[in-house]
Amino acid sequence: MNKDDINLDGWSFHKNEKYINDLLKRISELTMENSELKKHRLELIMENAELKDQVLDNGGDYTLFPETDGYEVGCASDYEEDKQLKLFND
């Protein structure tokens, strides 16, 4: 190890000011992005709570619908054939 090397937790790195500055800049950008994503997540959680309140205020019950795995929209019965809508016999 020479005088231009940096030792960090047993790892030795050659001192390169531009590389270190680029890393620090990227860490700063990711930290800001993470902060924005956390704010957005909180806003979505609050919006979801407001929507649940609206459903309850209108006499509904949002707990009637089963949880989905996130890939489908609605529940399986939404995709079943509705015989009542069939106007003509085939």
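Residues numbered from 1 in each chain as written. Predicted model: local features only at pLDDT ≥ 70, side-chain atom pairs only at ≥ 80, totals over all residues. Heavy atoms only, no water.

Draft legend 1. The overall build of the protein chain, seen in detail. Counting secondary structure elements, the protein chain contains one helix and two strands. The secondary structure elements of the protein chain, listed N-terminal to C-terminal, are β-β-α. Buried positions account for 2% of the 90 residues belonging to the protein chain. (Helix = DSSP H or I, 4+ residues; strand = E, 2+ residues; numbered from the N terminus. Buried < 20%, exposed > 50% of the residue type's maximum accessible area, 1.4 Å probe, protein only.)

Draft legend 2. View of the environment of K52. Along the chain, K52 turns up in helix 1 (residues 17-57). Since its relative accessible area comes to 32%, K52 is described here as partly exposed. With eleven residues separating them along the chain, K52 and T63 place their C-alpha atoms 9.5 Å apart.

Draft legend 3. Highlighting a negative patch on the surface. Taken together, the side chains of E43, E47, E50, D53 and D57 make up a negatively charged region of the molecular surface. By the secondary structure assignment, D57 is in helix 1. (Patch = residues over 30% accessible without salt bridge, like charges linked within 9 Å, V, L, I, M, F, W, Y side chains within 5 Å. Areas by Shrake-Rupley, 256 points an atom, 1.4 Å probe, with all protein chains shown as cover. Salt bridge = Lys/Arg side-chain N within 4 Å of Asp/Glu carboxyl O. Lys, Arg positive; Asp, Glu negative; His and termini not counted. Charge placed at Lys NZ, Arg CZ, Asp CG, Glu CD.)

Draft legend 4. Here's a closer look at helix 1. The first and last C-alpha atoms of helix 1 sit 60 Å apart over 41 residues, in line with the 60 Å expected at 1.5 Å per residue. Taken from the residues just after helix 1, G59 is the one with a positive phi, measuring 85°. (Expected span 1.5 Å × (residues − 1).)

Draft legend 5. Layout of the pattern of salt bridges. One pass over the structure, following the stated rule, counts two salt bridges. As a salt-bridge pair, E29 and R26 come within 3.4 Å of each other at their nearest N and O atoms. Remark: R26 and E29 occur in helix 1; sequence separation between them is three residues, near one turn of the helix. The class of E29 is partly exposed, set by a relative accessible area of 35%. For R26, a relative accessible area of 43% translates into the label partly exposed. A salt bridge links E36 to K39, with the nearest nitrogen and oxygen atoms 3.7 Å apart. Separated by three residues within a single helix, E36 and K39 lie in helix 1, roughly one turn from each other. Residue K39 is classed as partly exposed on the basis of its relative accessible area of 46%.

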